[in-house]
Amino acid sequence: MTISEFNSKFSSDLTDLYSLQEVSSLFKIVLEEVLSFNITKFYLNPDYTLTKIELKKINKFTDELKKGRPYQYIVGETKFCNYKFYVNDSVMIPRVETEGLVDWILNDNNNSKATVIDLCSGSGCIAITIKIKRKKWDIFALEKSKKAINIAKRNSSRNLVNINYVNADIFSWDNCDEVDIIISNPPYIAESQKKFMKINVLKFEPEKSIFVPDDNPLIFYKRIFDFSKSKLKAGGLIYFEINPKFKNQLISLSNEYHFSSYELKKDIFKRNRYIKFQK
Ligand SMILES: C[S@@+](CC[C@H](N)C(=O)[O-])C[C@H]1O[C@@H](n2cnc3c(N)ncnc32)[C@H](O)[C@@H]1O
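Small disclaimer: the values here were computed from a predicted structure and weren't measured. (Residues numbered from 1 in each chain as written. Predicted model: local features only at pLDDT ≥ 70, side-chain atom pairs only at ≥ 80, totals over all residues. Heavy atoms only, no water.)

A. Structural context of the overall build of the protein chain. Counting secondary structure elements, the protein chain contains 12 helices and 11 strands. Based on the C-alpha atoms only, the size of the protein chain along its principal axes is roughly 65 × 40 × 30 Å. The proportion of buried residues among the 279 residues of the protein chain is 49%. Taking as baseline every contact in the protein chain between residues at least 6 positions apart, the subset at least 24 positions apart corresponds to 67%. (Helix = DSSP H or I, 4+ residues; strand = E, 2+ residues; numbered from the N terminus. Buried < 20%, exposed > 50% of the residue type's maximum accessible area, 1.4 Å probe, protein only. Contact = heavy atoms within 4.5 Å.)

B. Focus on the nonpolar core. Membership of the largest hydrophobic core comes to 36 residues, with the highest contact counts inside it found for Leu119, Trp173, Ile182, Phe225, Ile238, Phe240 and Leu250. When residues of this core are traced back to their parent elements, those giving at least two are strand E3 (115-119), strand E6 (179-184), strand E7 (189-190), strand E8 (211-212), helix H11 (219-231), strand E9 (232-241), helix H12 (247-255) and strand E11 (272-278). Per-element accounting of this core gives the leading share, 5 residues, to H11. In this structure leucine 119 touches Leu142, Ile170, Ile182, Ile183, Ser184, Asn185, Ile224 and Phe227, once residues within four positions along its chain are discounted. Core analysis: the next-biggest nonpolar cluster, separate from the first, contains 29 residues, Cys81, Cys125, Ile126 and Ile139 among them. (Core = buried A, V, L, I, M, F, W, Y, C linked by side-chain atoms within 4.5 Å.)

C. Looking closely at the packing of helix H1 (residues 3-14) against helix H4 (residues 52-66). Packing of H1 against H4 leaves a shortest axis separation of 10 Å and a crossing angle of 15°. Taken together, H1 and H4 sit at an angle that is classed as roughly parallel. H4 is crossed by H1, and the crossing has right-handed handedness. Contact with H1, carried on its side by Phe6, Lys9, Phe10, Asp13 and Leu14, involves Ile58, Asn59, Thr62, Leu65 and Lys66 of H4 and no other residues of that element. Looking at the contact of H1 with H4 residue by residue, the classes come out as 5 nonpolar, 2 polar and 3 charged. (Axes fitted to C-alpha atoms, helices over the stretch in contact; angles between N-to-C directions. Parallel < 35°, antiparallel > 145°, perpendicular 65-115°, else oblique. Left-handed = near helix turned anticlockwise from the far one by under 90°. Nonpolar A, V, L, I, M, F, W, Y, C, P; charged D, E, K, R; others polar.)

D. How the structure looks around the pairing of E11. Among the 7 residues in E11, 6 count as buried, and that is most of the element. Bridging between E9 and E11 involves 5 bridges; their strand directions are antiparallel. Along E11, the bridge assignment pairs glutamate 241 with tyrosine 274. Here strand E10 (residues 261-266) runs beside E11; their pairing, made up of 6 bridges, is antiparallel. From the neighbouring strand, serine 261 faces E11, where its bridge partner is glutamine 278. Following E10, the chain reverses through 5 residues before pairing antiparallel with E11; lysine 270 in that reversal takes a positive phi of roughly 65°. (Pairing = 2+ DSSP bridges.)

E. View of the site of the ligand. Close to the ligand lie 21 residues; Cys120, Glu143, Asp169, Asn185 and Ser209 are nearest. Contact between the ligand and lysine 144: a nitrogen atom at 3.2 Å from a main-chain N or O atom of the residue. In this structure, isoleucine 170 approaches the ligand through a main-chain N or O atom, which is 3.0 Å from a nitrogen atom. Taking 600 Å² as the accessible area of the ligand by itself, protein coverage stands at 95%. Broken down by secondary-structure element, the contributors of at least two residues to the shell around the ligand are helix H7 (125-133), strand E4 (138-143) and helix H10 (207-210). (Near = heavy atom within 4 Å. Polar contact = N/O pair within 3.5 Å; in protein donor to acceptor, adjacent residues only side chain to side chain. Areas by Shrake-Rupley, 256 points an atom, 1.4 Å probe, with all protein chains shown as cover.)

F. View of the domain arrangement of the protein chain. We note that the domain assignment places domain 1 (3-67) and domain 2 (90-278) within the protein chain. Computed over C-alpha atoms, the centres of domain 1 and domain 2 are 36 Å apart. Between domain 1 and domain 2, the contact holds 4 residues from the first and 5 residues from the second. Between domain 1 and domain 2, a total of about 330 Å² is buried, with carbon and sulfur atoms accounting for 44% of that surface. A salt bridge links lysine 198 to glutamate 22; the nearest nitrogen and oxygen atoms lie 3.1 Å apart. If you look at where domain 1 meets domain 2, you find 1 residue pair in polar contact (both at pLDDT 80 or more). Classifying every residue of the side of domain 1 that touches domain 2 gives 2 nonpolar, no polar and 2 charged. (Domains from an automatic or database assignment. Buried area = accessible area lost by both parts, 1.4 Å probe. Salt bridge = Lys/Arg side-chain N within 4 Å of Asp/Glu carboxyl O.)

G. Region of interest: the environment of arginine 95. Mapped onto the fold, arginine 95 is located in the loop between strand E2 (83-86) and helix H6 (96-108). Once the C-alpha coordinates of arginine 95 and phenylalanine 80 are considered, the two residues, 15 residues apart in sequence, prove to be 7.6 Å apart. Excluding residues that lie within four positions of it along the chain, arginine 95 makes contacts with Phe80, Val201 and Glu205. A polar atom in the side chain of arginine 95 sits 2.7 Å from the backbone oxygen of isoleucine 93.

This is how it looks when you write it as structure tokens:
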């Protein structure tokens, strides 16, 4: 089979699950990851005949994609803010939206020293990226899943930074000194929103990373507000990634905590995705 014939087969195999644009990006990934081909080499050699070994490898990769497995889990890594992070099915795949949260925090805070905690840290992408950019900051990252902590520790080593990891449940842990900044991208999709989600998220990403009960969708935010009463310094900041659907409810909830101000920000898709509170 030539590589161009493979391209046609690949597209028809995956169009039920992915948009045309996604199929074309996945094709580039298969070329690069499995064959070490770049797209230019493909355009220059469309009639290249795949060897038996190459065909076996790309068919295996394609079979996994056909099942809906995200390519990041198949290759075992992803990029976040241009840094590489290991991922497996114990961590949520870092999202491009979350890069906007990190950018906001970095643009807002140039202080040479700060103590920061990232609550619900998953793969460690937020805490690690901030530490790479703010070497003198003391950064803590709390996460309930032991397996996620293990991946995050590997990601710290890979990116040559030290993070203080805490393997604990946010609902029962407050064993720290006061911090300057609290960051969190906690689970925030309501169970009833499941029906709008793609199979590759529903079947492969850890459910506990994503969903919250319909009758208490702000459960994590409320807990973090409570935590901030005693653990956030006066004048300190909270940065959240949020579900745009619950923006107004979250602002109402925050009124009970008497923050001095809040500010909303949109993500690259123009949706209200981030909010900052000042104590
Ligand atoms: C939406 S994911 C975000 C992960 C990472 N911060 C990111 O932005 O990619 C939420 C994370 O919260 C963790 N989590 C869920 N319940 C928790 C709890 N009770 N205490 C601490 N972490 C929890 C999940 O394991 C998951 O890693």
